[in-house]
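So you can see what is in the structure, the chains are spelled out below.
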Amino acid sequence: MKIAILGKPFKDEIIPFMQGLFDDLASRHAEITIVEYFKTYLENRLTLPENVGTFSRGDDLKGVNFVFSIGGDGTLLDTVTYVGARQIPILGINTGRLGFLATVASDQIPLALDALYKGHFVIDERSLIRADSDQEVFEGVNFGLNEFTIVKTDTSSMIVVHTYIDGEYLNSYWADGLVVATPTGSTGYSLSCGGPVVLPQTNNFVISPVCPHNLNVRPLVVSDKSVISFEVEGRSNNFLVSLDSRSKIVETGVQLAVRRENFNARLVKINQVNFLSTLRTKLNWGLDKRNE
């Protein structure tokens, strides 16, 4: 089995679990390749197996069976951009805080590896959102797992986001910005803006205004077969666009549209972890002492 690994720095108490991960993979004669910056970090903290390879963004991950994302949910979002259209299954190992997407705790790593090698897992297909524009914005990596966002810059007044669905005028949002979330992203920024939680396998986008000045404007659920396009104006000559955690300031007048990407992210789920159980355990969904 060939395993690619990406990750972010972790606390010292995680070191024994990470050493155990690499020792276990070595004992199973796995072929390991680690993203360059993370390998440098690990070499100063762990004893890595011999003949560990490296890769960087844009490299072909041909032949890789699984990609391990070591960190939090932000690390997993970044991992999706490395995998891209290859759709290699991603296992999220949580060394961060919430771990809504990265569901394998550090002490569960041995069980997770055993499940992978025995085939005791399921693949959770997650839709992606793609952003198109008339000028390069996201350096060729123009897709994300959670959301596409248009927001004002820090010092500017609110903006107006004229929004169209399949070319038909929807609304002009007078607001701090607008979020278009995938079902996966419905539990993120969109949720904090008052948007609904959408189950992962529904084929929808959620359009949520950020601090709207029109109090009668509410989040809207639309089909992900739609193309949603935008024209932005405001007192400032620029605004901020982002895909998940990647953002860039662009000038007003840029043409922007989003649609569903033609490939998915594939997340590995083990130990009967599913979206509904994660809602309950991570977001305290329906927390009520009467439900004990």
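Keep in mind the model is a prediction, meaning the values are calculated, not measured.

*Asks:* Summarise the nonpolar core; cite the residues concerned and give the values.
*Replies:* Ranked by internal contacts, the top residues of the largest apolar core, which has 52 residues, are Ile5, Leu21 and Phe68. Residue contacts for Phe68: discarding those within four places in its chain leaves Ile3, Ala4, Ile5, Leu6, Leu21, Leu25, Leu91, Ile93, Leu113 and Leu116. Within the second largest apolar cluster, 26 residues are counted, among which are Phe138, Tyr173, Val180 and Leu243.

*Asks:* Break down the packing of helix H1 (residues 15–27) against helix H4 (residues 109–118) for me, with residues and values.
*Replies:* Contact geometry of H1 with H4 gives a least axis separation of 10 Å together with a crossing angle of 25 degrees. Viewed along their axes, H1 and H4 adopt a mutual orientation that is roughly parallel. The element H1 and its partner H4 pack so that their crossing is right-handed. In this structure, H1 contributes Phe17, Met18, Leu21, Asp24 and Leu25 to the contact, and H4 contributes Ile109, Pro110, Leu113 and Tyr117.

*Asks:* Lay out the pattern of salt bridges in plain terms, naming residues and giving numbers.
*Replies:* A side chain with one charge may pair with a side chain of the opposite charge, provided their charged atoms come close. Under the criterion given, the structure shown has 14 salt bridges. With its nearest N and O atoms 3.8 Å apart, the salt bridge here joins Arg28 to Asp114. Here the residue Arg28 occupies a position in the loop between H1 and strand E2 (31–35), and Asp114 occupies one in helix H4, the gap between them amounting to 86 residues. Residue classification places Asp114 among the partly exposed positions, given a relative accessible area of 29%. Between Glu125 and Arg266 there is a salt bridge, with its nearest N and O atoms 3.0 Å apart. With Glu125 in strand E7 (residues 122–126) and Arg266 in strand E20 (residues 265–269), the pair connects residues that are 141 residues apart, well separated along the chain. For Glu125, a relative accessible area of 28% corresponds to the partly exposed category. What emerges from the salt-bridge pattern is a single network uniting Asp24, Arg28, Asp114 and Lys118.

*Asks:* Account for the UniProt feature "binding site: NAD(+)" (unreviewed entry) in the protein chain, naming residues and giving values.
*Replies:* UniProt's entry tags Asp73, Gly74, Asn146, Glu147, Asp176, Thr187, Gly188, Tyr189, Ser190, Leu191 and Ser192 with the feature "binding site: NAD(+)" (unreviewed entry), counted in the numbering of this structure. For the annotated residues, spread through 120 residues, the largest C-alpha to C-alpha distance comes to 25.0 Å, inconsistent with a single compact locus. Within the element layout of this structure, Asp73 appears in helix H3 (residues 73–83). Residue Asp73 is classed as buried on the basis of its relative accessible area of 18%. Residue contacts for Asp73: discarding those within four places in its chain leaves Gly99, Phe100, Leu101 and Ala102. Reaching out from Asp73, the side chain makes a polar contact with the backbone nitrogen of Leu101 at a distance of 2.8 Å. One can find Ser192 in helix H5 (residues 189–192).

*Asks:* I'd love a proper account of unusual backbone geometry, names of residues and values included.
*Replies:* In this structure, Gln87 takes a positive phi of about 55 degrees despite not being glycine. Relative to the elements of secondary structure, Gln87 occurs in the loop between H3 and strand E5 (90–94). Backbone geometry places Asp244, a non-glycine residue, at a positive phi of 55 degrees. Considering the arrangement of structural elements, one finds Asp244 in the loop between strand E17 (238–243) and strand E18 (246–251).

*Asks:* Mind laying out H4, listing which residues take part and the relevant values?
*Replies:* If you check which residues of H4 are buried, you get Ile109, Ala112, Leu113, Ala115 and Leu116. Down the axis of H4, the buried side of the element spans an arc of 160 degrees, and every buried residue falls inside it. In this structure, H4 carries Leu111 and Lys118 as exposed residues pointing more than 90 degrees from its buried face. Gly119, located one to two residues past H4, shows a positive phi value of around 80 degrees.

*Asks:* Before we move on, can you summarise the sheet that holds strand E9 (residues 143–144) with the specific residues and values?
*Replies:* On the basis of which strands lie adjacent, the open sheet formed by six strands has the order E9-E8-E19-E16-E11-E12 and antiparallel pairing. Edge positions in the sheet fall to E9 and strand E12 (168–175), since each has one partner strand and no second. Sheet topology places strand E8 (residues 129–133) next to E9; two bridges connect them, and they run antiparallel. Along E9, the bridge assignment pairs Arg130 with Phe143.

Cut-off values and rules
Throughout, residues of each chain are indexed from 1 in the direction in which the sequence is written. Local features in a predicted model are, by the rule used here, given only for residues with pLDDT of at least 70; side-chain atom pairs are given and counted only at 80 or more, and totals for whole chains, interfaces and linings are based on all residues. With hydrogens and water excluded, all non-hydrogen atoms of the structure serve as input to the side-chain values. Here, nonpolar core means buried Ala, Val, Leu, Ile, Met, Phe, Trp, Tyr and Cys residues that are tied together by side-chain atoms lying within 4.5 Å of each other. Each residue gets one of three labels from its accessible area relative to the maximum for its type: buried under 20%, exposed over 50%, partly exposed in between, using a 1.4 Å probe on protein chains only. Residues count as neighbours in contact if any of their non-hydrogen atoms are within 4.5 Å of one another. To get an axis, fit a line to the C-alpha atoms, keeping to the stretch in contact for a helix; angles then go from 0 to 180 degrees between the N-to-C directions. The helix count covers DSSP runs of H or I at least four residues long, the strand count covers runs of E at least two residues long, and both are numbered beginning at the N terminus. Geometric relationships in this document are graded by angle, where less than 35 degrees denotes roughly parallel, more than 145 denotes roughly antiparallel, 65 to 115 denotes roughly perpendicular, and other angles denote oblique. Crossing chirality is assigned from the near helix's rotation relative to the far helix, an anticlockwise turn below a right angle marking it left-handed and a clockwise turn marking it right-handed. The rule for a salt bridge is simple: a side-chain nitrogen of Lys or Arg has to be within 4 Å of a carboxyl oxygen of Asp or Glu. UniProt positions are given in the numbering used here, feature names are shortened, and annotations may be inferred rather than shown by experiment. A 3.5 Å cut-off defines polar contacts: any pair of N or O atoms within that distance qualifies, except that in protein one atom must be a possible hydrogen donor and the other a possible acceptor, and neighbouring residues in sequence count only when both atoms are side-chain atoms. This arc is taken over the directions from the axis of the helix to the C-beta atoms. Strand pairing follows a simple DSSP-based rule, namely that at least 2 bridges must link the two strands.

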